[in-house]
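One-letter residues, chain by chain:
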Amino acid sequence: MMDLLGYGAFFLTTALIFSLVTLGLNLQWGLTGLFNVGVAGFVAIGAYTSALLTTPDDAARLGGFGLPILVGWLGAMLVGGVAAALTGIATLRLRSDYLAITTFGVAVVVQLVALNAQKLTGGPFGIGFIPRPFGGLAETPLLFNLSNLAVVSMVTLIVYLALEHLSRSPWGRVLKALREDERAAISLGKSARFYRVQAFAVGGAIMALAGALQAHFTGFIAPDNYLPALTFQVWVMLIVGGSGSNIGAVIGSILVWAIWAGSGALTSVLFSPEQQARAASLQIVAIGVMLCVILLVRPNGLFGDRPRRPRFGKRARVAPSESGS
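Q: A description of the nonpolar core should follow, citing residues and the corresponding values.
A: Of all hydrophobic cores here, the largest spans 79 residues; its most connected members are V39, V159, I221 and Y226. Ranked by residues supplied to this core, first place goes to helix α9 (residues 192–218) with 14 residues.

Q: An account of the pattern of salt bridges is requested, with residue identities and associated values reported.
A: Under the criterion given, the structure shown has four salt bridges. Across the salt bridge formed by R168 and E164, the nearest N and O atoms sit 2.8 Å from each other. One end of the pair is R168 and the other is E164, both in helix α6 (residues 141–168) and four residues apart, which spans about a single turn. Since its relative accessible area comes to 57%, R168 is described here as exposed. The partner of E182 in a salt bridge is R196, and the shortest N-O contact between them spans 3.1 Å. Note that E182 is positioned in helix α8 (residues 182–187) and R196 in helix α9, a separation of 14 residues in sequence. Residue classification places E182 among the partly exposed positions, given a relative accessible area of 24%.

Q: Please provide a residue-by-residue account of the packing of aromatic side chains, values included.
A: Tallied over the entire structure, the rule returns nine aromatic pairs. Through successive ring pairs, a cluster of aromatic residues spans Y7, F10 and F217.

Q: Give me helix α10 (residues 228–241): which residues, what numbers.
A: End to end, α10 covers 20 Å across 14 residues, agreeing with the expected 20 Å (1.5 Å per residue, within 8%). For α10, the tally of buried residues reaches ten of 14 residues, placing the bulk of the element in the interior. Turning to α10, its buried residues number three or more, namely L230, T231, Q233, V234, W235, V236, M237, L238, V240 and G241.

Definitions and cut-offs
Residues numbered from 1 in each chain as written. Predicted model: local features only at pLDDT ≥ 70, side-chain atom pairs only at ≥ 80, totals over all residues. Heavy atoms only, no water. Core = buried A, V, L, I, M, F, W, Y, C linked by side-chain atoms within 4.5 Å. Buried < 20%, exposed > 50% of the residue type's maximum accessible area, 1.4 Å probe, protein only. Helix = DSSP H or I, 4+ residues; strand = E, 2+ residues; numbered from the N terminus. Salt bridge = Lys/Arg side-chain N within 4 Å of Asp/Glu carboxyl O. Phe/Tyr/Trp six-rings, centres within 6.5 Å; stacked < 30°, edge-to-face > 60°. Expected span 1.5 Å × (residues − 1).

Take it as geometry only, folks, not as evidence of what the structure does.
Spelled out as structure tokens, the structure:
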């Protein structure tokens, strides 16, 4: 029972970290309409920034300043936000598929730098000995996982409430106006590029914060943690939950991660160790099937806005009056 409770806390902590990433993407795409396919790159920037700021000194690489964990999280948000803002300034004149290709290229560049800049990032060996919150409780997994769950839950709640407030503020209404009708918003004196860069930077900072939380929760990071599959997972979480809905981003992340983790556990039981590497692709199949089913039932996601259709009776009542006029 205690082991099951500890695993539940571990699972929810991981799911809420994904929720943070999805909330950042929802701000960029769901609220503003910016097609970012470089999610993994901004998560990696946050993870490596916080790791370099908080790990002990290491002669094999730069960094290792031994700063407090909170400083590492704030530094990750700052660097991630600046990186996203610079990316936005350079790319937000592009639209749809061109923006997607550019942001994907940014993520690939970040992953290659992490893989090859061994003096800075540790290269393929990654960075270890990252300080973990409540590390003294590591010998009691239940308390350790529950403590980390409390911290991650608090951070996620703060970000969620802040985004809910922003989406209802005049700033958020401008972003929605730019998403729905850019020309109309510009005609009212709003700078489309200025607001889009702001939204892209804030979303990137949230993604970087999630990367920092994940780095300190696991205690080790490596370039293989930030492959394009991470971006795929986050996009599926947002689509399933409902684009434009913050609560949908959180619920969709938990649901998709549950299916991902559950399918992985199922393949480890049903297949022999020699076949598990091939069977791992069934996780992608499970996510794809779930995505198809949800989009058939709820085209806008579980919590997305459903298009309003006139009822048959109303249409029938309107028709005679129109024909008689």
